[in-house]
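Close look at the chain arrangement
The residues making up each chain are set out below.
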There are 2 protein chains.
Amino acid sequence: MTGRLYGVGTGPGDPELMTLKAARLIREAPVVARFCKAGRLGNAGTTVAGLMRADVVVEELAYPVTTELPLHSDAYRSRITAFYEESAARIATHLAAGRDVVVLSEGDPLFYGSYMHLHRRLAGRFPVEVVPGVTGMAACWAAAGVPIAQGDDVLCVLPGTLGEDALAERLAGADAAVIMKVGGNLPKIRRALARAGRLDDALYVERGSQPGQKVMTLAERDADLPAPYFSIILLPGWQDVALAQAEAAE
Amino acid sequence: MTGRLYGVGTGPGDPELMTLKAARLIREAPVVARFCKAGRLGNAGTTVAGLMRADVVVEELAYPVTTELPLHSDAYRSRITAFYEESAARIATHLAAGRDVVVLSEGDPLFYGSYMHLHRRLAGRFPVEVVPGVTGMAACWAAAGVPIAQGDDVLCVLPGTLGEDALAERLAGADAAVIMKVGGNLPKIRRALARAGRLDDALYVERGSQPGQKVMTLAERDADLPAPYFSIILLPGWQDVALAQAEAAE
């Protein structure tokens, strides 16, 4: 009897935004694994603190590099691939011994997450189950209280790491958009929004659902202030529909 | 003292995929409102059955029309606008009397949902809070066990109601895509995928996280079988990255 691998979304940060299923699996799990920077608890680790069994075995999967090497370099790719291989091997040891393993994933496990690197290495060899979670972007649009998309709206999710031209082109063609991984990319994102004629529609949200949450229009945000990596830009769709319906209703 | 309006995401269907916060608010609420077809419990209503207070007041907001009138006709727009106005007025009566109201929303309240029609009519007059939820699409990619997007992937969410040309163009430009509102649009979606050269990558998921869940490649699905409205097509991104990393790892 081998153990079962669970990729569990822990949601956007507020522990109450975990699903009932995630909370149950984390409470029951003999082994909980989490990705983190070396020596840090990680966002998902913070979210589930106090929920785990007293005798739980915690596997810390500490990224060997984060921003020290360029993302698209061979050196980065080779270090990070070796890290995922080694992490999968550590988890496979537990599974082979019959112990279930819950891998914590901030937001949703299969939406821009690290869990998928374990999933594709282990899914063929062990039973696996993915438990979806509330994404960080959903917490951001809930905080802003804006309908992100409706009806025939096309919604584009864009990593802020894209080049300025690609961003501007995508933004011009989208009814609604979410730009993730903002951080140091903010000046470039601002230029791309301006080129697409969408700067005035953009909202800036920081730490959605977490302590220190901030929501403001991008226009009113101090352009010189650095933005954290997990801040998000929202370009809500639906505005025309809303106005049309408001008029129809009057 | 007025009551508080809560727009609460109930998740994709499996009651265990509700958040802890949604479950708490539904248990505590004196008034629970839900959208539905006349005489039907509705998906969200089914999800929360058994959770509500014994003395709860349930406000059924039954759509006056669904598919009887064309979506973009004046007749449809005027009927549905009057319905949202009247629904908001019913809820405002409870709020004005000091009763909190939880409005159930399948998936996430602000992601292609009906809740936003109440939100924009009531948010200026009463305290409101939106509780994000797990989307139906996240349950579908969890069921399929495929990473939907990673790294620099651009993810497009496309309503199947779009025209064939628009669909084909969007699909050709997206790394990853989700096509919602499939139903009777499936033959058109299939043609658009073929034109974009993406038919072989497409997965078909029906009733993600619900009883009767089905996952298959679109290619292996009988083209003549009608698809339910809430089925979804997934076009996972990340495949190139996965292959590149697998090769790098070997």
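Above: the structure in question.
Residues numbered from 1 in each chain as written. Chains lettered and ligands numbered in written order. Predicted model: local features only at pLDDT ≥ 70, side-chain atom pairs only at ≥ 80, totals over all residues. Heavy atoms only, no water.

Details of the overall build of chain A
Scanning chain A from terminus to terminus reveals eight helices and ten strands. Rg of the C-alpha trace for chain A: 20 Å, near the compact-globule value of 18 Å for 250 residues, within the 12% margin. Overall, the C-alpha framework of chain A stretches about 65 × 45 × 35 Å when taken along its three principal axes. For chain A, with 250 residues in total, the buried portion stands at 54%. Residue pairs at least 24 apart in sequence account for 71% of intrachain contacts in chain A once pairs closer than 6 positions are excluded. (Helix = DSSP H or I, 4+ residues; strand = E, 2+ residues; numbered from the N terminus. Rg over C-alpha atoms; globule rule 2.2 N^0.38 Å. Buried < 20%, exposed > 50% of the residue type's maximum accessible area, 1.4 Å probe, protein only. Contact = heavy atoms within 4.5 Å.)

Observations regarding the side chain of Gln150(B)
When you line up the elements, Gln150(B) lands in the loop between α5 (136-144) and β6 (155-159). Within the structure, the side chain of Gln150(B) is placed 3.5 Å from the backbone oxygen of Gly113(A), a separation counted as a polar contact. In terms of polar contacts, Gln150(B) uses its side chain to reach the side chain of His117(A), at 2.8 Å. (Polar contact = N/O pair within 3.5 Å; in protein donor to acceptor, adjacent residues only side chain to side chain.)

Some remarks on the relation of the copies chain A and chain B
Turning chain A through 180° and shifting it by 0.0 Å along the axis lays it on chain B, with an RMSD of 0.0 Å. In symmetry terms, the pair is related by a two-fold rotation axis. Among all residues of chain A, the minimum C-alpha distance to the rotation axis is found for Thr19(A), at 2.0 Å. Of the interface residues in chain A, 98% have counterparts in chain B that sit at the interface too, so the contact is made through matching surfaces. (Least-squares fit on C-alpha atoms with pLDDT ≥ 70 in both.)

Looking at the interface of chain A and chain B
In this assembly, 61 residues from chain A lie in contact with 61 residues from chain B. Summing both sides of the interface, chain A and chain B together bury roughly 5200 Å²; the carbon and sulfur share of this comes to 60%. Taken together, the links from chain A to chain B amount to two salt bridges. Salt-bridge contacts for Arg24(A) lead to Glu16(B); the nearest nitrogen and oxygen are separated by 2.6 Å. At the junction of chain A and chain B, the tally comes to 30 residue pairs in polar contact (both at pLDDT 80 or more). Sort the elements by how many residues they give to the side of chain A that touches chain B and helix α8 (residues 239-249) of chain A lands first, with six residues. (Buried area = accessible area lost by both parts, 1.4 Å probe. Salt bridge = Lys/Arg side-chain N within 4 Å of Asp/Glu carboxyl O.)

Points about the packing of aromatic side chains
Residues and elements named next belong to chain A. All told, the structure shown has 14 aromatic pairs over all chains when counted by the stated rule. Arranged with centres 5.5 Å apart and planes meeting at 15°, the rings of phenylalanine 35 and tyrosine 63 form a pair that is stacked. Of this pair, phenylalanine 35 sits in strand β2 (residues 31-37) while tyrosine 63 sits in strand β3 (residues 57-63), and the two are 28 residues apart along the sequence. Taking relative accessible area as the criterion, phenylalanine 35 reaches 11% and is therefore assigned buried. (Phe/Tyr/Trp six-rings, centres within 6.5 Å; stacked < 30°, edge-to-face > 60°.)

Description of helix α7 (residues 186-195) of chain B
Residues and elements named next belong to chain B. When α7 is considered as a whole, its buried residues turn out to be Leu186, Lys188, Ile189, Arg190, Ala192 and Leu193. In this structure, the buried residues of α7 make contact with α6 (164-173), β7 (176-180), β8 (203-206) and β10 (232-235). Backbone geometry just after α7 places glycine 197 at a positive phi near 70°.

What to know about the packing of helix α6 (residues 164-173) of chain A against helix α7 (residues 186-195) of chain A
All names here are of chain A. Direction vectors running N to C along α6 and α7 enclose 40°, while the axes themselves pass 8 Å from each other. By the angle between their directions, the pair α6 and α7 is classed as oblique. Relative to α7, the crossing made by α6 is right-handed. Taken together, the residues of α7 that come into contact with α6 (itself represented by Glu164, Asp165, Leu167, Ala168 and Leu171) are Lys188, Ile189, Arg191, Ala192, Leu193 and Arg195. In the contact of α6 with α7, the residues fall into six nonpolar, no polar and five charged. (Axes fitted to C-alpha atoms, helices over the stretch in contact; angles between N-to-C directions. Parallel < 35°, antiparallel > 145°, perpendicular 65-115°, else oblique. Left-handed = near helix turned anticlockwise from the far one by under 90°. Nonpolar A, V, L, I, M, F, W, Y, C, P; charged D, E, K, R; others polar.)

Some details on the sheet that holds strand β3 (residues 57-63) of chain B
In a beta sheet, neighbouring strands are held together by backbone hydrogen bonds and run either parallel or antiparallel to one another. Residues and elements named next belong to chain B. Taken in spatial order, the five strands of this open sheet run β3-β2-β4-β1-β5, and their pairing is parallel. Strand pairing shows two members of the sheet lacking a second neighbour, β3 and β5 (128-131), which therefore form its edges. Sheet twist, expressed as the average angle between the axes of neighbouring strands with direction ignored, equals 20°. Sheet topology note: the strand β1 (residues 5-9)/strand β4 (residues 101-105) ladder contains five bridges and is parallel. Directly across from glycine 9, in β4, lies its bridge partner serine 105. Packing against the sheet, helix α1 (residues 20-28) makes contact with β1, β4 and β5, and its axis sits at approximately 135° to β1. (Pairing = 2+ DSSP bridges.)

Some points on the side chain of Glu206(B)
All names here are of chain B. Here glutamate 206 is to be found in strand β8. At a separation of 2.4 Å, a polar atom in the side chain of glutamate 206 contacts the side chain of tyrosine 204. Look past the residues within four positions of glutamate 206 in its chain and what remains in contact with it is Gly212, Gln213, Lys214, Arg221, Pro228 and Ser231.

Observations concerning the nonpolar core
In this structure, Ile91(A), Trp141(A), Leu234(A), Ile91(B), Trp141(B) and Leu234(B) are the most contacted members of the largest nonpolar core, which totals 88 residues. Those residues in contact with Trp141(A), other than ones at most four positions away along the chain, are Val146(A), Ile148(A), Val178(A), Leu234(A), Asp108(B), Leu110(B) and Phe111(B). In this structure, Leu167(A), Ala227(A), Cys156(B) and Leu218(B) belong to the second largest nonpolar core, which totals 45 residues. (Core = buried A, V, L, I, M, F, W, Y, C linked by side-chain atoms within 4.5 Å.)

Some details on the sheet that holds strand β9 (residues 214-217) of chain B
Within the open sheet, the ten strands sit side by side as β9(A)-β8(A)-β10(A)-β7(A)-β6(A)-β6(B)-β7(B)-β10(B)-β8(B)-β9(B). Their pairing is mixed. Two strands in the sheet have a free side with no partner beyond their single neighbour: β9 (214-217) of chain A together with β9 of chain B. Strand after strand, the sheet turns through a mean of 15° between neighbouring axes, direction not considered. Of the pairings in the sheet, the one linking strand β8 (residues 203-206) of chain A to strand β10 (residues 232-235) of chain A comprises three bridges and is antiparallel in character. Bridge assignment links Leu203(A) to a residue of β10(A), and that residue is Leu234(A). Lying on the sheet, α6(B) is in contact with β6, β7 and β10 of chain B; it crosses β6(B) at an angle near 165°.

These values are about where atoms sit, not about what they do.
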